[in-house]
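The primary structure of each chain is shown beneath.
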Amino acid sequence: MNDATRTVEEAPWGAVDRPRRCGFGAAVRALSGAVIVDLMALASGAVGATGALSNNGPVSTPSIFAPVSTPAFAIGGLSYFVLGICAVIYVVVAALLTYSIIRFRRRRGEDNREPPQVYGSNQIELAWTVVPVLIVFVLFLATARYIFGIEGHEPPSQTLQVTVVGHQWWWEIRYPDLGIVTANELHVPASDPANPSPTFLTLESADVIHSFWVPQLAGKLDVIPNKTNRTWIDPHTPGLYVGQCAEFCGVQHAWMLLRVIVHPKDEFDAWVAEQQAPAVDERVARTGRDVFGSVACINCHTVRGTTANGIFGPDLTHLMSRSTLGAGVAANTPENLRAWVENPAGLKPGALMPAMQLSRRDLDELVAYLLTLR
Ligand code: CUA
């Protein structure tokens, strides 16, 4: 067990690493999940990109009430605590109100005299000042305790370090210790609660303020230019977890989606080996590679092992290993890829990648080349 996880597991809020299974929680989870999935289906349908989010099997619910990682368990627990207090306040206020409405209503046959007016009551005024102050104080203490429990520790050695860079409008994902650069898909190993292997994330921005948010894994954290923020996740269950930019960052803010793929340990190692390999060089795709090298593509994109070493756009060395294009705007299929290269703004208005005005033949060759970048 490493230091980071021990700190949180021993933190005073108790069993943060176990999902709650109460009926209320399940109901909220089901409800919020259904609503969010509907919204996302609606959103992807609206731009003709249905399936962009679901081409890797069922999409998990991006809900804080379905946590799978220690910081998210803590946040889920705190949310239930705050909801509980608010529910009690609501019931008390609603009950008093209902009682007063019924008990002191105007009755038939009553004259119109004003009832006795009462002014000044030290007890009542004290009560409605002190009780809310105490409630706010309790909420403040609980929140502060959770914040320090999640943020207040340094990454242990031997931890997977990932740098996430927000761009308008995509996520650059770098694994400095592994020599991997990819985009819009964060691959991490699952963490066994008995023997935790958390992933530490360093958040940076290349342009404006973004916000990193994968609700099932950790809290929302701003991604700020010239500032480095840090967070961590230790997903217990392999699967796909979706997130997105949570700070308005320009016209395509809504299409700045992020997929976190949590692998079992050995599957993650296989993914790393695949990503570390240089780009394949297929003889049949040489013409397309030359097209790629002769137009402005290489100013912005890197394909490791070739002359393309631009860093403004996503690294394309293993482009076809990713499931979506344009940070989730469309599924990464040959047809969509062709449409994307031909005119990115057609799929994602405002996208900073220009249409290269290629001839039909060049476009075909170029796409054929990109399709080999597995
Ligand atoms: Cu990036 Cu919103």
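Once that is clear, we can look at the overall build of the protein. Helix and strand counts for the protein come out as 10 helices and 12 strands. Taking the contacts inside the protein whose residues are at least 6 apart along the sequence as the reference set, 66% of them involve residues at least 24 apart. Total accessible area computed for the protein in this model is approximately 20,000 Å², and 60% of it derives from carbon and sulfur atoms.

Let us look at unusual backbone geometry. Cis rather than trans, the peptide bond between glutamine 168 and tryptophan 169 has omega equal to -5°. A positive phi angle, near 60°, is found at asparagine 226, a position not held by glycine. For glutamine 357, which is not glycine, the phi torsion reads 55° and is therefore positive. Within the secondary structure layout, glutamine 357 lies in the loop between helix 9 (344-347) and helix 10 (360-371). By relative accessible area, glutamine 357 is classed as exposed at 71%.

With that settled, consider the sheet that holds strand 4 (residues 185-189). Judged by pairing direction, the sheet is mixed, and its 3 strands sit side by side in the order 4-10-9 without closing on themselves. Two strands close off the open sheet at either side, each with one partner strand: strand 4 and strand 9 (239-244). The mean inter-strand angle of the sheet, taken between neighbouring strand axes irrespective of direction, is 20°. As paired strands, strand 9 and strand 10 (residues 257-263) are joined by 6 bridges and run antiparallel to one another. When the sheet's bridge partners are listed, tyrosine 241 is paired in strand 10 with valine 260. Sheet contacts for helix 5 (residues 265-276): strand 4 and strand 10; angle to strand 4, the most-contacted strand, approximately 135°.

So, on to the packing of helix 6 (residues 286-294) against helix 10. Between helix 6 and helix 10, the least distance of the axes is 7 Å, while the angle of their chain directions is 105°. When the axes of helix 6 and helix 10 are compared, the pair comes out roughly perpendicular. Residue-level inspection shows Thr287, Gly288, Arg289, Val291 and Phe292 of helix 6 in contact with helix 10, the latter providing Asp362, Glu365, Leu366, Tyr369 and Leu370. Among the residues making up the contact of helix 6 with helix 10, the classes are represented as 5 nonpolar, 2 polar and 3 charged.

With that settled, the discussion passes to the side chain of asparagine 332. Within the secondary structure layout, asparagine 332 lies in the loop between strand 12 (330-331) and helix 8 (334-342). Note on asparagine 332: relative accessible area 10%, which makes it buried. Looking at asparagine 332, its side chain comes within polar contact range of the main-chain oxygen of arginine 322, at 3.0 Å.

Further remarks concern the sheet that holds strand 5 (residues 199-205). With mixed pairing, 5 strands are arranged side by side in an open sheet as 3-2-1-5-8. What marks the edges here is a single partner per strand, and that holds for strand 3 (180-183) and strand 8 (229-233). Strand-to-strand twist in this sheet, taken as the mean axis angle between neighbours without regard to direction, amounts to 25°. The pairing of strand 2 (residues 170-175) with strand 3 spans 4 bridges and is classified as antiparallel. Directly across from arginine 174, in strand 3, lies its bridge partner valine 181.

For the rest of this paragraph, the subject is the nonpolar core. In terms of nonpolar packing, the biggest core is built from 31 residues, with Trp171, Tyr175, Leu186, Phe212 and Val260 touching the most fellow members. Those elements that place two or more of their residues in this core are strand 1 (160-167), strand 2, strand 4, strand 5, strand 7 (221-223), strand 10 and helix 5. Ignoring anything within four residues of it in the chain, the contact list for leucine 186 reads Val162, Ile173, Tyr175, Leu201, Phe212, Arg259, Val260 and Ile261. Core analysis: the second largest hydrophobic core is formed by 25 residues, Ala279, Leu337, Ala351 and Tyr369 among them.

Reading the values: rules and limits
- Residues numbered from 1 in each chain as written.
- Predicted model: local features only at pLDDT ≥ 70, side-chain atom pairs only at ≥ 80, totals over all residues.
- Heavy atoms only, no water.
- Helix = DSSP H or I, 4+ residues; strand = E, 2+ residues; numbered from the N terminus.
- Contact = heavy atoms within 4.5 Å.
- Areas by Shrake-Rupley, 256 points an atom, 1.4 Å probe, with all protein chains shown as cover.
- Buried < 20%, exposed > 50% of the residue type's maximum accessible area, 1.4 Å probe, protein only.
- Pairing = 2+ DSSP bridges.
- Axes fitted to C-alpha atoms, helices over the stretch in contact; angles between N-to-C directions.
- Parallel < 35°, antiparallel > 145°, perpendicular 65-115°, else oblique.
- Nonpolar A, V, L, I, M, F, W, Y, C, P; charged D, E, K, R; others polar.
- Polar contact = N/O pair within 3.5 Å; in protein donor to acceptor, adjacent residues only side chain to side chain.
- Core = buried A, V, L, I, M, F, W, Y, C linked by side-chain atoms within 4.5 Å.

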